[in-house]
Amino acid sequence: MTAPARRTRGPGRPRDERADRAILDAALELLAEVGPTGLSVEEVAARAGVSKATIYRRFHTKDDLVVGCLSGLVVALPDSMPEEDVQGRLVFLVERWWQSYAMSPNGQVFHRVLAHAKSNPRLFEAFYDEVIEPRRELFRTVLREGVAAGEIRSDADIELIITMIIGTSVYTNQTRSAGRDPMPGNGAPELVDAALAGVLVR
């Protein structure tokens, strides 16, 4: 399941976009707090100020609702990237992600959904397609540009580099949010340097 299954609408008044936004915002807020298992349609309706029927007119099931709010987490390439080398641009993306995780409850969505990956593989599949893969594509774009510019070796394993950056970032963000630091004294520049070690053209 990679997109929320919605009912086909018949003729009538257009759907209220404000209600759509309120529902998705409330669902995302709850997802960050309690995870997929603890999220209830009743609580989403209460926080959004709508009825349960309003939600079910838009989403068949609770999982469809969760996937719908996950799609709002898709990240886009910033309008303006720093005019730096590939290392500088990767550090910019990593720092931007870490800051967003620390400042927004939405960062906890990664933790909550990953914790339920085994018990709800269909939901995790949607999470991967809607959230993780678009983030991978951000880094993929920058790394490919680095290859094209001659900064990174043409035989570099781009997918492995991306996995190193994202995997370490998820672990670091989650651990720091719990009060521990797996990389004391280090940050995004050190992570990027380690991930690119051996593939930079000197």
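See the structure above.
Criteria and cut-off values
Residues numbered from 1 in each chain as written. Predicted model: local features only at pLDDT ≥ 70, side-chain atom pairs only at ≥ 80, totals over all residues. Heavy atoms only, no water. Helix = DSSP H or I, 4+ residues; strand = E, 2+ residues; numbered from the N terminus. Buried < 20%, exposed > 50% of the residue type's maximum accessible area, 1.4 Å probe, protein only. Contact = heavy atoms within 4.5 Å. Areas by Shrake-Rupley, 256 points an atom, 1.4 Å probe, with all protein chains shown as cover. Phe/Tyr/Trp six-rings, centres within 6.5 Å; stacked < 30°, edge-to-face > 60°. Lys NZ or Arg CZ within 6 Å of the ring centre and 35° of its normal. Axes fitted to C-alpha atoms, helices over the stretch in contact; angles between N-to-C directions. Parallel < 35°, antiparallel > 145°, perpendicular 65-115°, else oblique. Left-handed = near helix turned anticlockwise from the far one by under 90°. Bend = angle between axes of the 7 residues up to and from the residue. Polar contact = N/O pair within 3.5 Å; in protein donor to acceptor, adjacent residues only side chain to side chain. Expected span 1.5 Å × (residues − 1). Nonpolar A, V, L, I, M, F, W, Y, C, P; charged D, E, K, R; others polar. Core = buried A, V, L, I, M, F, W, Y, C linked by side-chain atoms within 4.5 Å.

Peer 1: How should the overall build of the chain be read in this particular structure?
Peer 2: Along the chain, the regular secondary structure elements total nine helices and zero strands. The order of α-helices and β-strands along the chain, N terminus first, is α-α-α-α-α-α-α-α-α. Taken across its 202 residues, the chain has 42% of its residues classed as buried. Summarising the internal contacts of the chain: among those between residues at least 6 apart in sequence, 68% fall at separations of at least 24. Carbon and sulfur atoms make up 52% of the accessible area of the chain, which totals about 10,700 Å².

Peer 1: Looking at this model, I keep getting lost on the packing of aromatic side chains. Mind explaining?
Peer 2: Tallying each qualifying case throughout the model produces one aromatic pair. One Lys or Arg, R135, reaches over the ring of W97 and ends 4.2 Å from the middle of that ring.

Peer 1: Mind showing me how you'd approach the packing of helix α1 (residues 17-38) against helix α2 (residues 41-48) here?
Peer 2: Two quantities define a packed helix pair, namely the angle between the helix axes and the distance between the axes. α2 packs onto α1 with a crossing angle of 125 degrees between their chain directions and a minimal axis gap of 8 Å. Looking at the two axes, α1 sits oblique to α2. Crossing of α1 over α2 shows right-handed handedness. Taken together, the residues of α2 that come into contact with α1 (itself represented by A22, I23, A26, A27, E29, L30 and E33) are E43, V44, R47 and A48.

Peer 1: Can you help me understand helix α7 (residues 121-148) in this one?
Peer 2: Since the α-helix turns once every 3.6 residues, residues separated by three or four places project in the same direction. Most pronounced at Y128, the bend in α7 amounts to some 40 degrees. Within two residues after α7, G150 carries a phi angle of roughly 80 degrees, on the positive side.

Peer 1: Please clarify how the environment of A26 should be interpreted in this entry.
Peer 2: Its place among the elements puts A26 in helix α1. The class of A26 is buried, set by a relative accessible area of 6%. Distance from A26 to A48, taken between C-alpha atoms, is 5.7 Å for residues 22 residues apart in sequence. Dropping the residues within four chain positions of it, A26 is found in contact with V44, R47 and A48.

Peer 1: Sorry, what's going on with the environment of T54 here?
Peer 2: Within the element layout of this structure, T54 appears in helix α3 (residues 52-56). On a C-alpha basis, the gap between T54 and I23 in space is 9.1 Å, while along the polypeptide they are 31 residues apart. Looking at T54, its side chain comes within polar contact range of the side chain of S51, at 2.9 Å.

Peer 1: Explanation requested: helix α8 (residues 158-177) in the structure shown.
Peer 2: Under the 1.5 Å per step criterion, the end-to-end length of α8 is 28 Å for 20 residues, consistent within 8% with the ideal 28 Å. Just downstream of α8, G179 is the residue with a positive phi angle, here 95 degrees.

Peer 1: Can you help me understand the side chain of R89 in this one?
Peer 2: Note that R89 resides in helix α5 (residues 86-103). You can call R89 buried: its relative accessible area is 10%. For R89, the contacting residues outside a window of four places in its chain are M81, P82, E84, V142, E145 and E151.

Peer 1: When you look at the side chain of T175 in this model, what are you seeing that I'm missing?
Peer 2: Mapped onto the fold, T175 is located in helix α8. Note on T175: relative accessible area 17%, which makes it buried.

Peer 1: How should I be thinking about the packing of α1 against helix α4 (residues 62-70) in this particular structure?
Peer 2: Put simply, α1 and α4 touch, their axes get as near as 9 Å, and they point 110 degrees apart. Put simply, α1 runs roughly perpendicular to α4. Side by side, α1 and α4 meet where I23, L24, A27, L28, L31, P36 and T37 of the first sit next to K62, L65, V66, G68, C69 and L70 of the second. Its residues placed into classes, the contact of α1 with α4 shows ten nonpolar, two polar and one charged.

Peer 1: So what exactly am I meant to see when it comes to the nonpolar core here?
Peer 2: Most often, soluble globular proteins keep nonpolar side chains buried together rather than apart. Among the nonpolar cores identified, the biggest contains 55 residues, and V44, L65, L70, F139 and L196 are the most heavily contacted of them. Elements with a contribution of two residues or more to this core: α1, α2, α4, α5, α6 (107-115), α7, α8 and α9 (188-196). Per element, the largest residue contribution to this core is nine residues, and it comes from α7. Sequence-distant contacts of F139, that is, excluding residues within four places in its chain, are made with L90, L93, V94, W97, I162, I165 and I166.

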